[in-house]
Amino acid sequence: MAVTPDIDDGAIRSRLHATRERLAAACAAAARSPEEVTLMAVSKRHPAAAVRAAWSAGQRVFGENYVQELVEKADELAGLEGLRWHLIGHLQRNKVKAVVRVRAAVDTVDSLRLLHALGDECARQGVVLPICLQVNVAAEEQKSGCAPADVPALVAAARACEALRLDGLMTVPPAGEPEDARPHFRRLRELAHEHGLLTLSMGMSDDLEVAVQEGATCVRVGTGIFGARS
Ligand SMILES: *Cc1c(COP(=O)(O)O)cnc(C)c1O
C-alpha cells in the first residue's frame, strides 16, 4: 500500500481562497461577473488527498493531464459529491474507455479519429460526455491540438454525434510572458464565436488575468492552488 503523503490542508485552503480572490479581481477589472468564469483546479502530480482538501474547501471542478492518474484519483474519490473531472492532457484512442468509465469531460479532442472513438465509446457505455476541442492556435510543432483550419470539420462532426456535447474550445498558448498569450487567447475567442461556442478554456496560474480580459470562461490553475509540482 502506498503511504498517503502528508497534505497541508490549510495551505491548500488558503491558496485556493487567494486564487478565487485573484480571479474575482480579474473579473472585476474586466467588468465581468465572476460567475462567468469557472475555476478549474489542476491536480496533476498531486495526490488524491490534495484534491480531497480542495474539495473540502468548496472546489468542485478538477483537471488532470494523464489518464492513469485521472482514473486512479477518480476511483479513490468517487464518493465526493459534485466533484467533476476534466481531462486536459492528450488522449490516446486506446485510453478512451477508461476516461469514459470515470465520466470525465474531455477538453482535448483534436482529431476526427479521437472524436469518433470517444463518441462510439460513450454510446456503448450509454453516456453523453461534454467535450471541448483543443486548438493549437500558434501552430506550434510537437504540441497537441488541431489547427484552426480543422475546427469547422471537428465542430460539425461533434455536433453530429449524439453521445457528445460540444461545449467549446481550449488552448495552451506558447510559453512566454502573460502578455504574449493575448493574441492567442483572442484568436481562440474569435474561433469560438464563429461557431457559436460558449466555453473558452484558457489561462493558467501565470496568465489568468489576460485570459479573463480576453473572454475566458474557464481558467485552469495548478500551481496557484496546490503549490509546486514534484
Ligand atoms: C499543468 C497545466 C495547467 C496548470 O498549470 P499551472 O501553471 O500549474 O497553473 C493548466 N492547463 C494545462 C493544459 C496543464 O497541463
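The structure reproduced in this document is the subject of the present report.

About the thresholds
- For every chain, the first residue of the written sequence is number 1, and numbering continues from 1 onward in sequence order.
- Totals for whole chains, interfaces and linings use all residues, but because this is a predicted model, local features are given only for residues with pLDDT of at least 70 and pairs of side-chain atoms are given and counted only at 80 or more.
- Calculation of side-chain values draws on the structure's entire complement of heavy atoms; hydrogens and water are dropped beforehand.
- In this text, helices come from DSSP runs of H or I with a minimum length of four residues, and strands from runs of E with a minimum of two, each type numbered from the N-terminal end.
- For this measure, only C-alpha atoms enter the radius of gyration; the expected value for a globule follows 2.2 Å times N^0.38, where N is the number of residues.
- Only protein chains enter the calculation, and the probe is 1.4 Å; a residue is then buried if its accessible area is under 20% of its type maximum, exposed if over 50%, and partly exposed in between.
- Helix span, as expected, comes to 1.5 Å for every residue beyond the first.
- Whether two residues touch is decided by their heavy atoms; if any such pair falls within 4.5 Å, the residues are in contact.
- Consider each residue's heavy atoms; a residue with any of them within 4 Å of a molecule or strand counts as near.
- Polar contacts, as counted here, are pairs of nitrogen or oxygen atoms within 3.5 Å of one another; within protein the pair requires one atom able to donate a hydrogen and one able to accept it, and residues that are adjacent in sequence qualify only if both atoms are side-chain atoms.
- To measure how exposed things are, a 1.4 Å probe is used in the Shrake-Rupley method; for residues, cover is taken only from the protein chains shown.
- Axes, fitted as lines to C-alpha atoms, cover a helix only where it is in contact. Angles between the N-to-C directions of the axes lie from 0 to 180 degrees.
- Oblique is the label for every angle not falling under 35 degrees (roughly parallel), over 145 degrees (roughly antiparallel), or within 65 to 115 degrees (roughly perpendicular).
- When a carboxyl oxygen of Asp or Glu lies within 4 Å of a side-chain nitrogen of Lys or Arg, that pair is called a salt bridge.
- Any two of the Phe, Tyr and Trp rings considered here, Trp counted by its six-membered ring, make a pair once their centres fall within 6.5 Å; the pair's planes then place it as stacked at under 30 degrees, edge-to-face at over 60, or tilted in between.
- The criterion is simple. A nonpolar core is a set of buried Ala, Val, Leu, Ile, Met, Phe, Trp, Tyr and Cys residues joined through side-chain atoms within 4.5 Å.

Looking at the overall build of the chain
A tally of regular secondary structure across the chain gives 9 helices and 8 strands. Against the 2.2 N^0.38 benchmark of 17 Å for 230 residues, the chain shows a C-alpha radius of gyration of 17 Å, consistent with a compact globule. Its C-alpha atoms give the chain principal-axis dimensions of roughly 45 × 45 × 30 Å. Of all 230 residues assigned to the chain, the portion counted as buried reaches 50%.

A look at helix α7 (residues 182-194)
Between its first and last C-alpha, α7 extends 18 Å over 13 residues, near the 18 Å set by a 1.5 Å rise per residue. Buried within α7 are the following residues: R182, H184, F185, L188, L191 and A192. In this structure, the buried residues of α7 make contact with α6 (151-159), β6 (164-170), β7 (199-201) and α8 (208-213). Within two residues after α7, G196 carries a phi angle of roughly 65 degrees, on the positive side.

What about the site of the ligand?
Around the ligand there are 13 residues in total, and K44, N65, S205, G222 and T223 lie nearest to it. Between the ligand and the protein, one listed contact pairs an oxygen atom with a side-chain N or O atom of K44 at 2.7 Å. Contacts to the ligand include G222, whose backbone N or O atom sits 2.8 Å from an oxygen atom. Taking 390 Å² as the accessible area of the ligand by itself, protein coverage stands at 88%.

Section: unusual backbone geometry
Negative phi is the rule for most residues except glycine; trans is the rule for most peptide bonds. Its identity is not glycine, yet R45 carries a phi of approximately 60 degrees, on the positive side. With phi around 60 degrees, R103 is a residue other than glycine that occupies positive phi space. For R103, the location among the structural elements is in the loop between α4 (96-101) and β4 (105-109).

Comments concerning the packing of helix α5 (residues 112-125) against α6
Closest axis-to-axis distance for the α5/α6 pair is 10 Å, and the angle between their directions is 10 degrees. One finds that α5 runs roughly parallel with respect to α6. On the side of α5, the interface is formed by L112, L115 and H116, while α6 contributes A153, L154, A157 and A158.

A word on the pattern of salt bridges
Oppositely charged side chains can form a pair if their charged atoms are brought close together. In the structure shown here, the tally under the stated rule is 13 salt bridges. Note that R22 and E209 form a salt bridge whose closest N and O atoms lie 2.8 Å from each other. In this pair, R22 sits in helix α1 (residues 9-29) while E209 sits in helix α8, placing the two residues 187 residues apart along the sequence. Beyond isolated ion pairs, a larger network of salt bridges with shared partners links E179, R182, R186, R189 and E214.

Considerations on the side chain of Q134
By the secondary structure assignment, Q134 is in strand β5 (residues 129-134). Assessed through its relative accessible area of 6%, Q134 is described here as buried. In this view, Q134 contacts D107, T108, V109, D110, S144, G145, C146, M170 and V172; residues no more than four positions away in its chain are not counted.

Observations concerning the packing of aromatic side chains
For the structure shown, the criterion picks out 1 aromatic pair. For the ring pair F62 and W85, a centre distance of 5.8 Å and an interplane angle of 50 degrees mean the geometry is tilted. You can see F62 sitting in strand β2 (residues 61-64) and its partner W85 sitting in strand β3 (residues 84-87), a full 23 residues away along the chain.

Some details on the nonpolar core
The nonpolar side chains of soluble globular proteins are, as a tendency, buried together. Ranked by size, the top nonpolar core spans 71 residues in total, and within it F62, W85, L91, L118 and V219 carry the most contacts. Examining the composition of this core, we find that 6 residues originate from one element, helix α2 (residues 48-56), more than from any other. Apart from residues no more than four positions distant in its own chain, V219 is found in contact with L23, V37, T38, L39, M40, M202, G203, L208, A211 and V212. Grouped together as the second largest cluster of nonpolar side chains are 7 residues, M40, V42, M170 and C218 included.

Observations concerning the environment of C146
One can find C146 in the loop between β5 and α6. Overall, C146 belongs to the buried group, its relative accessible area being 2%. In this structure, the C-alpha to C-alpha distance between C146 and M40, residues 106 residues apart in sequence, is 22 Å. Here C146 is in contact with D110, Q134, V135, N136, V151 and L154, once residues within four sequence places are set aside.

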